[in-house]
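One-letter residues, chain by chain:
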Amino acid sequence: MRLDKFLSQQLGISRSLVARELRAGNVMVDDEVVKSGSMQVGLDNEVAYDGNVLVQVTGPRYFMLNKPEGYVCSTDDPTHPTILYFIDEPVAQKLHAAGRLDIDTTGLVLLTDDGQWSHRITSPKHHCEKTYRVQLSEDIADDVAVQFEQGVMLNGEKSLTKPAQLEIISPRDVRLTISEGRYHQVKRMFAAVGNHVCGLHRERVGEIRLDEQLEPGEYRPLTEAEIESITVPR
């Protein structure tokens, strides 16, 4: 890879800014100052910027994060802090959330730089299940589980939701599993049956469950089995 392209990716800056840093002598390759961005660098080269060695990322990466409330799942937002605040990885800006959560929703977020892998989670044709723990403002009605199993009409939609499974833990504490990802779907489903969601926490995506050892704001790499559970549906 060209040195200027590598630096642009690593530092998250434009090629023109990279050229300026090169001219200033701020870049070293294998302990020698390099001022030409056309130089080819590989895994056997050590590239340093301003005295700090840059880690070269190889291959796709996969992580789970226990998202706290108050953070958005985009990688760049001018008004709200993003989940990348918690990710201490090289070139973290290249990661994206495979299925976003609202700013006030907590729980499992999967991050990757593998677009095909995340597509298997977000694409409607793959029917990837997601499970949420839901806190309600009113007691759940007796017939809601049947309604959700049959599908409900959301405000502004033209088709029923796909069958969903509702587990009642207590009158205002339930667990909902859905297999699609319409806009604000969980909140809108409960609104459709006359209730209001006051707390929402995602526990599962496909076969991947939120690691109970992760505190809010903590993350870890996915295991090979977790990665493969999305790549090879079970």
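Located above this text is the structure these notes cover.
Analysis parameters
- Residues numbered from 1 in each chain as written.
- Predicted model: local features only at pLDDT ≥ 70, side-chain atom pairs only at ≥ 80, totals over all residues.
- Heavy atoms only, no water.
- Phe/Tyr/Trp six-rings, centres within 6.5 Å; stacked < 30°, edge-to-face > 60°.
- Helix = DSSP H or I, 4+ residues; strand = E, 2+ residues; numbered from the N terminus.
- Buried < 20%, exposed > 50% of the residue type's maximum accessible area, 1.4 Å probe, protein only.
- Polar contact = N/O pair within 3.5 Å; in protein donor to acceptor, adjacent residues only side chain to side chain.
- Contact = heavy atoms within 4.5 Å.
- Pairing = 2+ DSSP bridges.

### A short note on the packing of aromatic side chains
Then, in step 1: Scanning all chains against the criterion turns up six aromatic pairs.
Then, in step 2: One aromatic cluster is present, formed by Tyr 71, Tyr 85 and Phe 86 through successive ring pairs.

### Digging into the environment of Gln 135
Then, in step 1: Topologically, Gln 135 is positioned in strand S8 (residues 130-136).
Then, in step 2: Judged by relative accessible area, Gln 135 falls into the partly exposed class, the value being 32%.
Then, in step 3: Expressed as a C-alpha distance, the spacing of Gln 135 and Arg 100, which sit 35 residues apart in the sequence, is 19 Å.
Then, in step 4: A distance of 3.1 Å separates a polar atom in the side chain of Gln 135 from a polar atom in the side chain of Asp 173.

### Points about the environment of Cys 73
Then, in step 1: When you line up the elements, Cys 73 lands in the loop between strand S5 (62-67) and strand S6 (96-97).
Then, in step 2: Once the C-alpha coordinates of Cys 73 and Phe 86 are considered, the two residues, 13 residues apart in sequence, prove to be 11 Å apart.
Then, in step 3: What Cys 73 contacts, discounting residues up to four positions off in sequence, is Lys 67, Ile 83, Ala 97, Arg 100, Leu 101 and Val 109.

### Some points on the pairing of S8
Regular strands place their side chains on alternate faces of the sheet.
Then, in step 1: With five of its seven residues buried, S8 lies for the most part within the structure.
Then, in step 2: Examined bridge by bridge, S8 and strand S10 (residues 173-178) share six bridges and lie antiparallel to one another. For Tyr 132, the partnering residue across the bridge sits in S10 and is Leu 176.
Then, in step 3: Here S8 runs beside strand S11 (residues 197-205); their pairing, made up of seven bridges, is antiparallel. Looking across to S11, one finds that Arg 133 is bridged to His 201.

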